[in-house]
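Letter by letter, the chains look like this.
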Amino acid sequence: MNIRSQISMVFHLDKCIGCHTCSIACKNIWTDRKGAEYMWWNNVETKPGTGYPGKWEDQDIYKGGWEKKGDSIQLKGAGKFKGLKNMFHNPNMPVLEDYYEPWAYQYEHLFEAEEGDDQPVARPVSLITGENITPKSGPNWDDDLSGSTDYARNDVNFKDLSPAEQEAMFQLERMTMHYLPRICNHCLNPACVAACPSGAIYKRGEDGVVLINQKKCRAWRMCVTACPYKKSYYNWNTGKSEKCLLCYPRLENGQIPACMHSCVGRIRYLGVLLYDADKIKEFASCEESELVEKQKSIYLDPNDSEVIKAAKENGIADSTIEAAQKSPVYKFIIEWGLALPLHPEFRTLPNLFYVPPLLPTMAFVENGTYETTSDSLWGAIENSRLPMKYLANLFSAGNEKTIEVVLKKLMAVRLHRRDETVGDLPEKEISDPMGEVKMDKETANEIFRLTSLPLFDERFVIPAAHREEAMEMLESTADVKGNHGFGFKEPPKRGL
Amino acid sequence: MTNQFLFIGLPYAALFVVLIGTIFRYLNFGFKVSSLSSQFLESKELFYGSRPFHWGLLFLFFGHLIAFLFPRSVMLWNSVPIRLIILEVSALAFGITACYGLFVLILRRVRNPRLIKVANKMDIVVYLVLTVQIATGLWVAVSFRWGSSWFASSLTPYIRSIFTFTPDISAISSMPLAVKIHVVSAFTLIGIIPSTRFMHFLVYPFAYLWRSYQLVIWNWDPKKIRTSRKLFNGVRSRNN
Ligand code: HEM
Ligand code: SF4
Ligand code: SF4
């Protein structure tokens, strides 16, 4: 057993209101720079939709992630042979058009325009060339199903849905959508790290944050291809790739990442998970149907005395172990089994888990009329507005059973709370669904509390990074005593 | 005098600059060492430019290297006419490939406003030097059909003499103009490596071939600290 600690996350999709506050918080801090304008380390997509960059989930196009080969796995579009062969021109790299051309409006013109007959206007100009452009796409162009024939209809997760099933999703009365906020998953088996020829990308041992060393990156751009989530971006100005760094300078100070801190829907949870690093390869190579269960089993019980002992032997700080015991994400993922990884079939063992959206049917069309009265409070889970297959393609590598159980648990919690607060449901209508997913009332109440009424400190449990030592993490402080600081001191200018 | 300047002064200046310059730049401006890929801004034409250019150049580079390191083997190979022709024709083919690639690259660069935005002055120098280099190379290949034997018999001793600090320019001084230009631009190319994007081939990631795929770095590895017997426990970070 080789225990490491990992900062992991849970996003509760039922709570996301699609406000993009997270994206803006991130943009303001990290990517409001030349060459990075088009990057959204945090982006929010509407599902069904094609996302950002367009159709990122389609690995036939982008060749991201790992694929199973025999008993083992290999990178789909990069790696020692494929990567080095394709260095001069990378055939699977997304280009600007796959994201969008960033632009800004010339607001100064409103003030500085010569007096004339016409009202001055603020024209959009490209942030790359400075020329006038007409924006034709953006990172959230498909927001709230807008342009749905171009976007929602082309959702990659429809691939094994029958035309009739797809059609049903677009009936006006049944139409539904949910948001999918995405950041880098800080994977246990990161494809970006494996694909980097320079060895510039690495996973931090202490907290599992995946970072790109800007001094070592040489713009071979293999990580952009290899990350199946397209969360490694190429900065066209500096000639370096960049990615979400989980606000590690904030984390080290005990603050939480900006996207999570600012989250209006309070959908985000962050905490420590302990895992067994010896199992990564084995579990990442297992059968597709087992991926979710195997990944869950890599995370260890932080209250188990054996685990604690092994963790201490591995040098994991007591404060980290303590944080792992209080971790809200451990509850959601392991204890309650409510959160699932996004596209586990990419085999990177992502550390961002999602509580899938519960979208019950509230009404149906009968004899041409819209019928909103039904004999049960909510329709059966199997008749959810999103087909089970669709959600399964997103969160469980196509395994419908897995997603069904989660949704039934979520439903059981709601029924139980309805019973506690209103009490208008017959006993059997509550005990049956609860019994089916083996949930007792205490657990249901706990889930309810952490979902709806959590305090800030319950949503985010960050171990002390031992800031006093964290300086030494970065540099031998004595060496630079009396100097102008330490760390990255070069101006981030494009080279010759 | 001119010959001495071009074939003794320039080579030594170039070698000195490249030796000191690349190390200095690597150590002090590591951030600025990059292939400065522009594929993100334009990918299609890059395919038709970058691939032929680099593969052509790579084979030519190794061709020159072999002729420099093993001149006798090259001469021996060339002693049979048909083999000489094979060598010459394939060298010419790679030369044309590289030339075509460079042509596409330059055209791509000047026609696309996005690419002009990310080009700098030294890129113009790079394109110029490469054009002269490849053009004269092709000129030599076409007009002097025994180029490979020549290189092995006359140029190799000259380059060797440079490296052994006993410069002997008698052979090179009597070469045709095309060869002279080719040699001068070659040393210019070497000399400008530290101040151009040429830096990128010096950082070719060989280590990728034998490193393990995953990379985990502890800023401050507690395990190592604990077991360290050294006075100064702890491992200096490799991240900065
Ligand atoms: C041996 C390994 C080499 C590797 C891996 C390599 C890789 C690359 C890469 C990735 C690019 C960026 C292409 C893009 O825009 O995406 C590039 C551009 C370039 N390389 Fe190389 N290169 C190598 C050798 C060379 C050599 C030997 C030369 C010339 C002497 C050279 C000259 C150039 C030039 C001039 C460009 C700029 C092309 C342009 O944007 O117009 N490279 N190289
Ligand atoms: S999600 Fe993040 S850690 Fe995982 S492969 Fe992509 S960039 Fe790497
Ligand atoms: S800030 Fe929170 S609620 Fe708003 S879009 Fe982002 S994740 Fe959703």
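Presented here is an overview of the structure given in this document.

The rules behind each value
Residues numbered from 1 in each chain as written. Chains lettered and ligands numbered in written order. Predicted model: local features only at pLDDT ≥ 70, side-chain atom pairs only at ≥ 80, totals over all residues. Heavy atoms only, no water. Helix = DSSP H or I, 4+ residues; strand = E, 2+ residues; numbered from the N terminus. Buried < 20%, exposed > 50% of the residue type's maximum accessible area, 1.4 Å probe, protein only. Contact = heavy atoms within 4.5 Å. Pairing = 2+ DSSP bridges. Near = heavy atom within 4 Å. Nonpolar A, V, L, I, M, F, W, Y, C, P; charged D, E, K, R; others polar. Salt bridge = Lys/Arg side-chain N within 4 Å of Asp/Glu carboxyl O. Patch = residues over 30% accessible without salt bridge, like charges linked within 9 Å, V, L, I, M, F, W, Y side chains within 5 Å. Areas by Shrake-Rupley, 256 points an atom, 1.4 Å probe, with all protein chains shown as cover. Lys, Arg positive; Asp, Glu negative; His and termini not counted. Charge placed at Lys NZ, Arg CZ, Asp CG, Glu CD. Donors = N, O, S within 2.8 Å, 3.2 Å for Na, K, Ca; no water. Tetrahedral: all angles 85-135°; square planar, octahedral: opposite > 155°, others 65-115°.

### Focus on the overall build of chain B
At step 1: Within chain B one finds 11 helices and 1 strand.
At step 2: Listed by position from the N terminus, the elements making up chain B come as α-α-α-α-α-α-α-α-α-α-β-α.
At step 3: With the C-alpha coordinates of chain B rotated into their principal frame, the extents come out at 70 × 45 × 40 Å.
At step 4: Among the 240 residues that make up chain B, the fraction classed as buried is 42%.
At step 5: Put simply, 78% of the contacts in chain B that link residues at least 6 apart link residues at least 24 apart.

### Regarding the sheet that holds strand 9 (residues 210-212) of chain A
At step 1: Read across the open sheet, the 3 strands follow the order 9(A)-8(A)-1(B); overall the sheet is mixed. Each edge of the open sheet is held by one strand with a lone partner, namely strand 9 of chain A together with strand 1 (216-217) of chain B.
At step 2: Pairing geometry for strand 8 (residues 201-204) of chain A and strand 1 of chain B, over 2 bridges, is parallel. Residue Lys203(A) lies in a different strand from strand 1 of chain B, and its bridge partner there is Val216(B).

### Remarks on the site of ligand 2
At step 1: Close contacts around ligand 2 come from Cys184(A), Asn185(A), His186(A), Cys187(A), Pro190(A), Ala191(A), Cys192(A), Val210(A), Cys227(A), Tyr229(A) and Lys243(A), and that covers them all.
At step 2: Of the residues contributing to the shell around ligand 2, the split by class is 8 nonpolar, 2 polar and 1 charged.

### Let's talk about the pattern of salt bridges
Two side chains of opposite charge can pair, provided their charged atoms sit close to one another.
All names here are of chain A.
At step 1: For the structure on display, the rule yields 23 salt bridges over all chains.
At step 2: As a salt-bridge pair, Glu404 and Lys408 come within 3.2 Å of each other at their nearest N and O atoms. Pair noted here: Glu404 and Lys408 are both in helix 17 (residues 400-421), with a separation of 4 residues, about one helical turn. Neither Glu404 nor Lys408 differs from the other in exposure class; each is buried.
At step 3: Here Glu420 and Arg417 are joined by a salt bridge, their closest N and O atoms 3.2 Å apart. Of the two residues, Glu420 and Arg417 both sit in helix 17, 3 residues apart, roughly one turn of that helix.
At step 4: Classification of Glu420 as partly exposed rests on a relative accessible area of 44%.
At step 5: Taken together, the shared-partner salt bridges in this structure form one network comprising Lys401, Glu404, Lys408 and Glu436.

### Describing a negative patch on the surface
Residue and element names in this part refer to chain A.
At step 1: A cluster of like negative charges, contributed by Asp301, Asp304, Glu306, Glu335, Asp440, Glu442 and Glu446, occupies part of the molecular surface.
At step 2: With respect to the secondary-structure elements, Asp440 resides in the loop between helix 18 (427-436) and helix 19 (441-452).
At step 3: By relative accessible area, Asp440 is classed as partly exposed at 40%.

### Examining the coordination of the iron atom of ligand 1
Residue and element names in this part refer to chain B.
At step 1: Protein coordination of the iron atom of ligand 1 is provided by His54 (NE2) and His200 (NE2), with donor distances spanning 1.9 to 2.0 Å.
At step 2: Classification of the site at the iron atom of ligand 1 rests on its 6 donor atoms, whose angles at the metal span 86 to 179°, yielding the label octahedral. A residue pair is termed long-range when its members are at least 10 positions apart, and His54 in helix 2 (residues 44-69) and His200 in helix 10 (residues 199-202) qualify at 146 residues.
At step 3: Residue classification places His200 among the buried residues on the basis of a relative accessible area of 15%.

Shape is all these values report; function is a separate question.
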